[in-house]
Each structure stands twice: as structure tokens, then as C-alpha cells.
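Residue-level structural notes
Single-letter residue listing:
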Amino acid sequence: MKLIHPWRTAVLLFVLLPATAMAATAPHWEAVPQHGDVPPPLYEAGISFARTGGATDVLYRFGGDNDEELVNDFYALDLRTFTWKNLGSPQAPAGRANTLLIPGPCLNCVSIVGGRGEFGTNLMFPEMQTYHVRTGRWVEASPAERGSRFAVKRAAALVVAVPDARHPNRTPTFYVFGGVGNTAPRFTTTPTGLHNDVAVYDPATGWHVVPTSGTKPAPRAWTTGAYDPATHSLLVFGGYRLGPDQGPDTPGSELFGPTNFDNELWSLNLDSFRWTQLHPQGPLPNPRDNVAAFFDTVHGRLVLFGGQYFDRVTNDLWYYSVAENRWTEVSLPTGDPVPPGRVGGVSFVRETPAAYELYIHSGITNEFGDGVLLNDLWKLIWPKD
């Protein structure tokens, strides 16, 4: 079983066949029973595998918001048995939300990068801390190891791992796009409240921002996307932004309206670092943030699940065909189980010889009202045939 990066976070081809022909190979959801120290419900945690020299069967989840405070909860999930283990300790980093998690950089390690404090406090965490699986110890990266403080002073960003096709066992290159830059009041309206830059991790020099060309996407956070190896490009979809009709004086009460959520699709070529906005044909997914996504390399498609619009969450399923430049919504059979819509969940992907498996965990059913916190685990099976 091959494991695909679970960092956005967040896909696949769905061939419309007659019901009798497609029944055995149609995408479908399954609720996954969990065992052990099942974490309490929360949202806006971070999740990643560790970097190992062999099979990768354990996933790590850090931080989040339990709707009362930001926590430093730290759990491991054994994917062979779906058993959780509480790894919390007094030595764990401070509680935070929307932190980025990446495998490595050392063997048998997983690292947290950035993260934020409560909104309105102006607290950010411009740091990188590494958990060593064998010793159970956290170690903060030195400034030289961390790299640019500005590059890691972000939260709720898209982070994507790009493997070295010639040397698949080497540490992948990590690219980060966008994110929250501060938690000041009305942060969206401040010059550094949202990012639209690209940061890259180099094991020798740490994190640094790289120059890009072409028209950039507007600054945004809680965006999603994936790596397309055929074009050596990052695909970036949606997110939360300052609306084109808004500015520095926009009241805070108006910063979560229809124009603050986006459904644009962008491509960043990783050879030239040039941005291109794509203009897909046909119906489009509604503007949204907090989408789970992955890339189906078999068919050249970006698959999306769920997300949040200004007045609701959704649990719909879409794919974008690179070759056709078209979005298609996937209709599952009536009565099939589907996870509840959510915001602030985490997701990861595994690949088997027959299918991709997208896992969805935790979140909240409504961020702005009487939402219900979740700690469930669901699996989307997306066949390759």
C-alpha cells in the first residue's frame, strides 16, 4: 500500500457508466471504526505521516481548537488497526491551530511548522518543531535550520510534498502557498493578514520564500490543492480572501460574506514558478474554503470533497480534468452513506493497487453558529478503473 502526502491538505476520475456496470467500481464512502485513545472532538488541527525508511503506517495529529481553547493535543493513529495513541506530554509545543505538519526532515520524525494563536491576539508561531518518534522528544529547529522567520509565520496554508522522481527515497520538496499571516483584529484587511507567496523547504537552508512570475492569486488561506506530476505543477483551488469589493475599512461583520470565498483554479509551474489562472468549462464548484483534495495521477484529475461557503458547509464531491479543463460533480447513489459537511477537518490519502482512499477526520459542522464538533473518521474509496 502506497501512502500519499496528507498535507493539503484536501482528486479523481469518475466514469459515468450504467448503474449495472458501475456498481462494483463506483466511488463510495465508509465510516471507519476507531479504537484506543480516540481523540476528543475538535477542529483546525494539523496532520501528517512521519518520515520513515520503510512502510508508513502511522499518522500524527497535533493541536486544534476544541471551541473553548487552542490545545496541544498530540495523537498517533496506527492505520493497520485504526487505533489511536495519546502522545501528549508536558514537553509538547504550545497549543495552536492551523499548524502545518510535514514528514521529517530527519528519519523517524514529524515536524510542525507555524500555526496561530486565538484570533484577536496577534499571536503567531514562526517556528519549526520536530518530534522524534523513537525518543518521544520534541526539538525546536535553530534559526539556521528553520530558515526565514517570515516564511514560517503562517497558518492555514496549503502545503504540498513533491517527490524526486529520480530518487523516490529522498526527502520530498515541500511547497507552501498562502495562509494566515497574523491574528490581529480584522486580520483579513491588514497588509500581512493573508499570504499569496510561495515558500519552499530546503533541508540545508530551511524555509525560504521564492519569487514567482505572472499574475498571482489574491492573498488567501484555507485553500486546497495538489501536485500534478504530468505537468510538474501545483494546482490551487478556492480559499478565504478579502473580497474584491472590500478594503482596509471593511467592518469585521462583513468579512465573511459571499465575496470572501473563492472558486478560482490556479496552476503554478514548478520549473518556471509562473502562475496561470485556469478557466474551466462547464459548471463550477461553489466558492468555498476548507476543502479536502488529492490528485488522481492515473486519470489526471484533481478531486475535491466538501468545504465551507459563507452561509453553509457542503459534502459534495467534484473532480477537475486537466486534459479536458472541466469540472464534473460526482453523484453518489441515493441512500449511500456520506460524511456530514464540516469545516476545519483534516484529511489524508492512501493509494492501493486498485484505488485511492481519502480519509476525513474531525472538524465542526458550522463554524459560525451552533456547530457540532466531530471526531469521526470516514474513508472515500475512489477506484482506479
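Residues numbered from 1 in each chain as written. Predicted model: local features only at pLDDT ≥ 70, side-chain atom pairs only at ≥ 80, totals over all residues. Heavy atoms only, no water.

What follows is about the overall build of the protein chain. Looking only at helices and strands, the protein chain has three helices and 27 strands in total. The principal-axis extents of the C-alpha atoms in the protein chain amount to approximately 60 × 50 × 45 Å. Here the protein chain, with 385 residues, has 55% of them falling under the buried criterion. Roughly 15,600 Å² of accessible area belongs to the protein chain as shown, and the carbon and sulfur atoms make up 53% of that amount. (Helix = DSSP H or I, 4+ residues; strand = E, 2+ residues; numbered from the N terminus. Buried < 20%, exposed > 50% of the residue type's maximum accessible area, 1.4 Å probe, protein only. Areas by Shrake-Rupley, 256 points an atom, 1.4 Å probe, with all protein chains shown as cover.)

Bringing the sheet that holds strand S13 (residues 173-180) into the picture now. The strand order across the open sheet formed by four strands is S12-S13-S14-S15, and the pairing between neighbours is antiparallel. Every other strand in the sheet has two partners, leaving strand S12 (158-162) and strand S15 (206-210) as the edge strands with one partner each. When the angles between neighbouring strand axes are averaged without regard to direction, this sheet yields 25°. Pairing between S13 and strand S14 (residues 194-202): six bridges, direction antiparallel. Within the sheet, the bridge partner assigned to Val-176 lies in S14 and is Ala-199. (Pairing = 2+ DSSP bridges. Axes fitted to C-alpha atoms, helices over the stretch in contact; angles between N-to-C directions.)

Another aspect to go through is the packing of aromatic side chains. The relative placement of two aromatic rings is captured by the distance of their centres and the angle of their planes. Tallied over the entire structure, the rule returns 29 aromatic pairs. Seen in terms of ring centroids, Phe-74 and Tyr-131 are 4.8 Å apart; in terms of plane orientation they differ by 75°. Their pairing is edge-to-face. Taken as a pair, Phe-74 in strand S6 (residues 70-78) and Tyr-131 in strand S10 (residues 128-132) lie far apart in primary sequence, 57 residues in all. What makes Phe-74 buried here is its relative accessible area of 1%. Relative accessible area serves as the criterion here: at 7%, Tyr-131 is assigned to the buried category. Taking 5.7 Å as the distance between ring centres and 65° as the angle between the ring planes, the aromatic pair formed by Tyr-240 and Phe-261 counts as edge-to-face. With Tyr-240 in strand S18 (residues 233-241) and Phe-261 in strand S19 (residues 261-269), this residue pair connects regions lying 21 residues apart in the sequence. (Phe/Tyr/Trp six-rings, centres within 6.5 Å; stacked < 30°, edge-to-face > 60°.)

The grouping of Asp-67, Glu-68, Glu-69 and Glu-118 at the surface amounts to a negative patch. Looking at the element boundaries, Glu-69 is found in the loop between strand S5 (58-65) and S6. For Glu-69, a relative accessible area of 46% corresponds to the partly exposed category. (Patch = residues over 30% accessible without salt bridge, like charges linked within 9 Å, V, L, I, M, F, W, Y side chains within 5 Å. Salt bridge = Lys/Arg side-chain N within 4 Å of Asp/Glu carboxyl O. Lys, Arg positive; Asp, Glu negative; His and termini not counted. Charge placed at Lys NZ, Arg CZ, Asp CG, Glu CD.)

Moving on, we come to the pattern of salt bridges. On inspection of all chains with the given rule, the structure shows 15 salt bridges. Arg-241 serves as the salt-bridge partner of Asp-262, at 3.3 Å between the closest nitrogen and oxygen. One end of the pair, Asp-262, is in strand S19; the other, Arg-241, is in strand S18, and 21 residues separate them in sequence. Arg-241 carries the same exposure label as Asp-262, and that label is buried. Between Arg-342 and Asp-376 there is a salt bridge; the shortest N-O distance is 2.7 Å. Highlighted residues: Arg-342 in the loop between strand S24 (326-329) and strand S25 (346-351) and Asp-376 in strand S27 (residues 373-383), separated in sequence by 34 residues. Taking relative accessible area as the criterion, Asp-376 reaches 18% and is therefore assigned buried. Counted as one network, the salt bridges with shared partners bring together Arg-220, Arg-241, Asp-262 and Glu-264.

With that settled, the discussion passes to the environment of Ile-112. On the secondary structure map, Ile-112 appears in strand S9 (residues 109-113). With residues up to four places along the chain from it excluded, the contact list for Ile-112 reads Phe-62, Pro-93, Arg-96, Thr-99, Leu-100, Leu-101, Glu-127, Met-128, Gln-129 and Trp-138. (Contact = heavy atoms within 4.5 Å.)

Okay, the sheet that holds strand S8 (residues 100-103) next. If you walk across this open sheet you meet the four strands as S8-S9-S10-S11, and the pairing is antiparallel. Each end of this open sheet is capped by a strand with a single partner; those strands are S8 and strand S11 (137-140). The mean inter-strand angle of the sheet, taken between neighbouring strand axes irrespective of direction, is 25°. Of the strand pairs in this sheet, S10 and S11 are connected by four bridges, and their pairing is antiparallel.

What follows covers the confidence of the model for the protein chain. In this model, the protein chain carries an average pLDDT of 91, and 92% of its residues clear a pLDDT of 70 or more. Here residues 1-24 is a poorly scored stretch, pLDDT under 50, and it has 83 contacts once near neighbours within four places are set aside; other chains count. (pLDDT = per-residue confidence, 0-100.)

Within the secondary structure, Asp-228 sits in strand S17 (residues 224-228). Although Asp-228 is buried, it makes no salt bridge; Arg-301 carries the closest opposite charge, 11 Å away. Only 3.1 Å separates the side chain of Asp-228 from the backbone nitrogen of Ala-230, close enough to count as a polar contact. (Polar contact = N/O pair within 3.5 Å; in protein donor to acceptor, adjacent residues only side chain to side chain.)

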